[in-house]
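# Coordinate analysis (summary)
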Amino acid sequence: MLHSLVLLLIFAASTARSAGLSAAELARAIHDAALDPEECYRVRDLSFRKDDIRLYFTEGYLIFSKPAAGQRVSAVFTTDLEGGDGEVILLPPTRGERQSLAAFTESPNLDEHIAAAMMIFTDGTGALLRDRIEKESRGKKTPEMGALMAEKWSPVLANIRDGFGLRMVDDLMSPDPAANGFLFLGLAGRERGNFDLLFDPRAREQIIGGQLSDRGGRPRYNIWTSFLSRGIRTGAAKRIEPGFALTGFSIDATLDSSLHMKASTKVRLRVGRAGLRSFPFEISGAMHVTSARVDGAAAEVFTRDSERARALRGTNDDAVLVVTPEALPPATEHTFEFQHEGDVITAAGNGVFFVGARSTWYPRGAPEFSTYDLTFHYPKKLTLVTPGDLVDDRTEGETRTTRRRTNVPIRFAGFNLGEYERVVAAVPGFNVEVYGNRRLEAALQPKPQMPDTPTRPMTAQQRRDTMSMQIPPAQPDPLARLHAVAKDVSSSLETYSSLLGPPALKTLTVAPIPGTFGQGFPGLVYLSTLAYLDPSQRPAAIRGENQQLFFSDLIVAHEVAHQWWGNVVIVSSYQDEWLMESLSNYLAFMWLEKKSGTRAVDAVLEDYRTRLLTRDSDGHTLESAGPIVWGVRLDSSGIHDAWRSITYEKGAWIMHMLRRRLGDERFSRMLAELRRRYEFRAITSEEFRALAAEFMPPHSPSDTMDTFFDNWVYATGIPALKVQSSVKGLKVSGTVTQSGVDNDFSVDAPVEIQFAKGAPQIVWVRTSNEPAPFSVTVKQPPVRVSLGTSSVLSAKK
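This part is about the overall build of the protein chain. Within the protein chain, the secondary structure is distributed over 18 helices and 37 strands. Computed over the C-alpha atoms, the radius of gyration of the protein chain is 30 Å, within 12% of the 28 Å expected from 2.2 N^0.38 for a compact globule of 797 residues. Taking the principal axes of the C-alpha coordinates as reference, the protein chain spans close to 85 × 85 × 70 Å. For the protein chain, buried positions account for 53% of its 797 residues. Counting only contacts in the protein chain whose residues sit at least 6 apart along the sequence, the fraction spanning at least 24 positions is 69%. Carbon and sulfur atoms make up 51% of the accessible area of the protein chain, which amounts to about 34400 Å² in all.

Here the structure, examined in full by the defined rule, presents 50 salt bridges. Its salt-bridge partner being Arg28, residue Asp32 comes within 3.4 Å of it at the nearest N-O pair. Residue classification places Asp32 among the partly exposed positions, given a relative accessible area of 47%. When the shortest N-O distance is used, the salt bridge between Asp36 and Arg72 registers 3.3 Å. Here Asp36, found in strand β1 (residues 35–50), pairs with Arg72, found in the loop between β2 (53–65) and β3 (74–78); they are 36 residues apart in sequence, far enough to count as distant. Here Asp36 matches Arg72 in class, with each residue buried.

Helix length check: helix α14 (residues 598–612) (15 residues) gives 21 Å between terminal C-alpha atoms against 21 Å at 1.5 Å per residue, within 8%. Looking at α14, one finds that the buried residues are Ala600, Val601, Val604, Leu605, Tyr608, Arg609 and Leu612. At its buried positions, α14 is contacted by α12 (545–561), α13 (577–596) and α15 (642–662).

This part covers the sheet that holds strand β28 (residues 519–521). Taken in spatial order, the 5 strands of this open sheet run β25-β26-β27-β29-β28, and their pairing is mixed. Edge positions in the open sheet fall to β25 (420–427) and β28, since each of these has one partner strand only. Across this sheet, the average inter-strand angle for adjacent strands is 20°, counted without regard to direction. Note: β25 against strand β26 (residues 430–437), 8 bridges, orientation antiparallel. Along β26, the bridge assignment pairs Arg422 with Tyr435. In the packing of α12 onto the sheet, contacts are made with β28 and β29 (524–528), and the angle to β29 comes to roughly 160°.

Quick look at unusual backbone geometry now. Unusually for a residue other than glycine, Leu259 sits at a positive phi of about 70°. Owing to a relative accessible area of 6%, Leu259 belongs among the buried residues under this scheme. If you check the backbone angles, Asp641 has positive phi at about 70° while not being a glycine. Summarising the element assignment, Asp641 is placed in the loop between α14 and α15.

Strand order in the open sheet made by the 3 strands is β35-β34-β37, with antiparallel pairing throughout. Single-partner strands in this sheet number two, and they are β35 (761–766) and β37 (782–787). Pairwise comparison of adjacent strand axes, ignoring direction, gives a mean angle of 25° for this sheet. Inspection of the sheet shows strand β34 (residues 748–755) paired to β37 by 5 bridges, in the antiparallel sense. Paired with Val751 across the bridge in β37 is Leu787.

Bringing empty space enclosed by the protein into the picture now. Counted according to the given criterion, the structure contains 3 cavities of 30 Å³ or more. Considered as a void within the structure, the largest cavity measures approximately 110 Å³ in volume. Considering the residues around the largest cavity, the lining is formed by 13 residues, among which Arg661, Phe708, Trp712, Asp748 and Trp764 are closest to the centre. Those elements that provide at least two residues to the lining of the largest cavity are α15 and α18 (704–712). With 5 residues, the top contributor of residues to the lining of the largest cavity is α18. In the lining of the largest cavity, the residues fall into 7 nonpolar, 4 polar and 2 charged. The computed volume of the second largest cavity comes to approximately 60 Å³. Lining the second largest cavity, in full, are Leu246, Phe249, Arg364, Gly365, Ala366, Glu368, Ser370, Tyr372 and Arg411.

The interhelical angle for the contact between helix α17 (residues 685–693) and α18, taken along N-to-C directions, is 145°, at an axis separation of 9 Å. Considering only the axes of α17 and α18, their crossing is right-handed. Residue-level inspection shows Ser685, Phe688, Arg689, Ala692 and Ala693 of α17 in contact with α18, the latter providing Met705, Asp706, Phe709 and Asp710. Classifying every residue of the contact of α17 with α18 gives 5 nonpolar, 1 polar and 3 charged.

This next bit is on the pairing of strand β23 (residues 399–405). As paired strands, strand β20 (residues 371–379) and β23 are joined by 7 bridges and run antiparallel to one another. Looking at β23, one finds that Tyr378 is bridged to Arg400. Here strand β22 (residues 389–396) hands over to β23 after 2 residues, with Gly397 in that stretch at a positive phi of 65°.

Let us look at the packing of aromatic side chains. What the rule picks out here adds up to 31 aromatic pairs. Note on Trp361 and Phe415: the rings are 5.2 Å apart at their centroids and 85° apart in plane angle, and the pair reads as edge-to-face. One end of the pair, Trp361, is in the loop between β19 (352–355) and β20; the other, Phe415, is in the loop between β23 and β24 (416–418), with 54 residues separating them in the sequence. Take Phe415: its relative accessible area is 0%, and that puts it in the buried class. The rings of Phe249, Trp361, Tyr362, Tyr372, Phe376 and Phe415 are connected pair by pair, giving a single aromatic cluster. Lying over the aromatic face of Tyr526, Arg358 brings its terminal NZ or CZ to 5.8 Å of the ring centre.

Once that is clear, we can look at the nonpolar core. Formed by 104 residues in total, the largest nonpolar core has its most connected members in Trp565, Leu658 and Met670. It is α13 that contributes the most residues to this core, 11 residues altogether. Setting aside its immediate chain neighbours within four residues, Leu658 contacts Phe667, Met670, Phe688, Ala692, Met705 and Phe708. Within the second largest apolar cluster, 53 residues are counted, among which are Met287, Val355, Leu384 and Phe521.

What follows covers the environment of Val43. Along the chain, Val43 falls in strand β1. Taking the relative accessible area as the measure of exposure, Val43 reaches 0% and is therefore buried. Distance in space between the C-alpha atoms of Val43 and Arg138 is 5.6 Å, their sequence separation being 95 residues. With sequence-adjacent residues up to four places away left out, Val43 is seen in contact with Phe57, Thr58, Glu59, Gly60, Leu62, Phe77, Ile133, Arg138 and Gly139.

Conventions we followed
Residues numbered from 1 in each chain as written. Predicted model: local features only at pLDDT ≥ 70, side-chain atom pairs only at ≥ 80, totals over all residues. Heavy atoms only, no water. Helix = DSSP H or I, 4+ residues; strand = E, 2+ residues; numbered from the N terminus. Rg over C-alpha atoms; globule rule 2.2 N^0.38 Å. Buried < 20%, exposed > 50% of the residue type's maximum accessible area, 1.4 Å probe, protein only. Contact = heavy atoms within 4.5 Å. Areas by Shrake-Rupley, 256 points an atom, 1.4 Å probe, with all protein chains shown as cover. Salt bridge = Lys/Arg side-chain N within 4 Å of Asp/Glu carboxyl O. Expected span 1.5 Å × (residues − 1). Pairing = 2+ DSSP bridges. Axes fitted to C-alpha atoms, helices over the stretch in contact; angles between N-to-C directions. 1 Å grid on protein atoms, 1.4 Å probe; cavity = no way out; pocket = protein on both sides within 12 Å on 5 of 7 lines; lining within 4 Å. Points joined across faces, edges and corners; volume = space filled by probe spheres on them. Nonpolar A, V, L, I, M, F, W, Y, C, P; charged D, E, K, R; others polar. Left-handed = near helix turned anticlockwise from the far one by under 90°. Phe/Tyr/Trp six-rings, centres within 6.5 Å; stacked < 30°, edge-to-face > 60°. Lys NZ or Arg CZ within 6 Å of the ring centre and 35° of its normal. Core = buried A, V, L, I, M, F, W, Y, C linked by side-chain atoms within 4.5 Å.

Quick look at the structure:
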C-alpha cells in the first residue's frame, strides 16, 4: 500500500513538467504518444482492480504508450496467442442497475472474457501496472511483439484517445491527477462485442458501462449501467468537488439582421482549494468561442470533443478549456471574458422564430446559481425577452437595446424573441408579462383545400380552373387564447406562491416557442404556440380530449411550476431529474383540481395508467422500460416514448400516491418544507425519500417510504390487485392479492371501507407474493369494501 502511494506521488510530481506546456502542445504530445515496443510485456495472471471494476489479464501481451509530457497515459492488452485470455467483472450494487445491465446483456452482472482491451488513463494506472509486473514477476518484456502491436494498435488507440483529449489535458494540468484522473477501458468482449467501462471520480456516478451504437444512421451511446463507486458508497472516498465556482455573469450580445449572434460574456470566477491552470466550460455546438481573457490577459482556448466523450458527460454541448499561462492561486477571484458567436436562432416562417440553445448559448460551468446582467442589441422590429428586472430599453436607428438584471442568483439565463403582442397580468407582488406571436408559424399554416376532382385525366385548362377554385382555408388566430393564457399564468402563480412561498424572481415573462413542448426557465417560460390557439383550430392530430386539456390547461401550469421545481430547488444528476418534472406535473394537477375539480385530474391519471400499461409486440408494457431514475437512459430502452411517459406520467402517479399516503395536509406541508430546506440547492432521490418519511402519519410502519421508493422509484412494475373481504358485524377482514409483478414487488394497497354516511375509512395493506391479510373493526356497518384504484397505480384484474 505504501509503495503504491509512493508511485502515485511520483506520478503526480511528474505532471508538474506539463505546467509549462500549452493545452495544444500537451494535446499534441498525447496524440503522438504511440505504443512503445520497448514497453511490451508477455503477462500472466496479472490482475487489477479499480473500485468496482475487476480486470484479469490471464494470458496475453500488454503494451504501454510512450510518455506524453512525462507520463504514460494509455496501454493495450491483447490475447492474440495460444491460450490467451482476459476477463472483466462488474457487479452493479442496486436492483435497478442490475435490471439495466440485463436489458442490454441478458445478465444482471457483467462477467465477460475479452480478446483485447484499450486503456486510457490519467490517474496513474500505468505506473501501478508496470510496478506490479516488476514486483510480482507477472510479465516478461517482448519488444519483438511490441513492434507488431505498436504498428497495429497505435492508430486505433490514438483515434479513441483524441476523443478524450480535452479531459486528459485538464487532468494532467490539474494539481492532483492521481486523485482527479479517470480510467477508460475499451473492451472487445468474446460474447458481447465492443463495449466500454469507465471509472471517473469527477462524475456524479463514478462507474459507467456502455456501448456505442447506431440509431437511424447517427451514433448513439447506450449506457448499460451507471452507479456510485464502492468508495463513495462505503464512505472510504469523497466526492471530487468542482475546482472553481462562478459568481456572476455579465453578457452583452448583438443579433444582426440575420439574427447571427456575437456576444461577450464576463463572469467572476473563484478558484477553489487548489491552484488551477485549466478551467472547463460547456457551450452549445452552435456557438464558437473565438477568444478568452483572464483578468484582461489573453488565455488559451482549447476544444476537442467526441460523441463518446459527450455521452459519458451526459450532454450534447461542446467542452471548452480555458488555460492560463500560470496557475491561478487557490481562493482567489478573477474575471474571465469570452468572445463567442454562432447561430442559435432559426426562422420558423412568417416572422416566428425558434431559439435552439436556450440554456447554453453562453459558456457555463458546473450547475450552480449566479446573478446575471444581460444586454441585447437586436433589430428594432422584434421584441426580445429575458429574465430579470428591466434596466434599459431604447431604440437607436434600426437597433433596439434591452438590458435586464437579476437581483438574486438564478440557475441560468435564457432569452426569446419575436414579433409579439403583450398582455400584462395582475398578480399581487409580481410583474407578469405574457407575449404571443402576431402571426402563425409556417408549420401551422393550413394548406388550401382542393375541390373534388374528376377521375378522368384533366386538360391543362381544367387544371388551371381547378387551381383558381381553391377553397380559402380558415386561418387560425395565433393570439386567440392570449388573455386566457395570461389568466392561467396568473392563477397558477398565485396558487403556488401561497403554498410554497414566492419564486426566486418577482418578474415572470411567458413567450411562445414553435413546437409541442414548453420549458420553464428562471423568470422566463417558453410556451408552445399551440397553447395560444383556439382548441378548434389546433391540428387535427392533437384534438383529443386529453391533448386539448394539456395544451389549454396543464402545459401552462406545469411550466409555471418550474419556477420552483428546477429553478429554486434543483438536482445535480440525470437520475434525479424525474423529481423536478414529476413535482411540476403534479403541482399542475393540484391547480387543475382547484380549477376544474377532482374528476378532471382522475381522468388524466386514468389516461396515464392506460398508456403506461400499453404493451408492445413482445408483450412488454411501456412502464417496464426501466425505473424512473434511469432518466434519459430510458431512451435507450428501445420502447417508444418511454422517457416521456415514465418521467411525466408515472412520475405524476408517484406524487399522487405519495399524497394519498401522507394525506393532503401533510403532503402540502412536505412540499413547502422541500422548497424551504433545499432553496438554491440540489436534492437527490434519497434525500426526497427521507423528507417524505418525516411527514408520514403517526403510527405508520417505519419502512413505509423505503418500500414505496424501492418499488415505485427504483424498480418497475404495475401490479394487478384484488381484494376479497367479509363482514361480521362491525369487523371487516379479508386479503389483498397481487399479480403481474416480480415476487419481491410490494406496495401499500389502499382498501376503502365505505359507509352509508360519512367519509370512507382507508386501511393500508402491505402486499407481497402471498395473499396479504387485513382485519379492522369499524364504527358503523360498511356498505362496500373495495380497492382505492384512484389512489394507487394498478392494472385491471
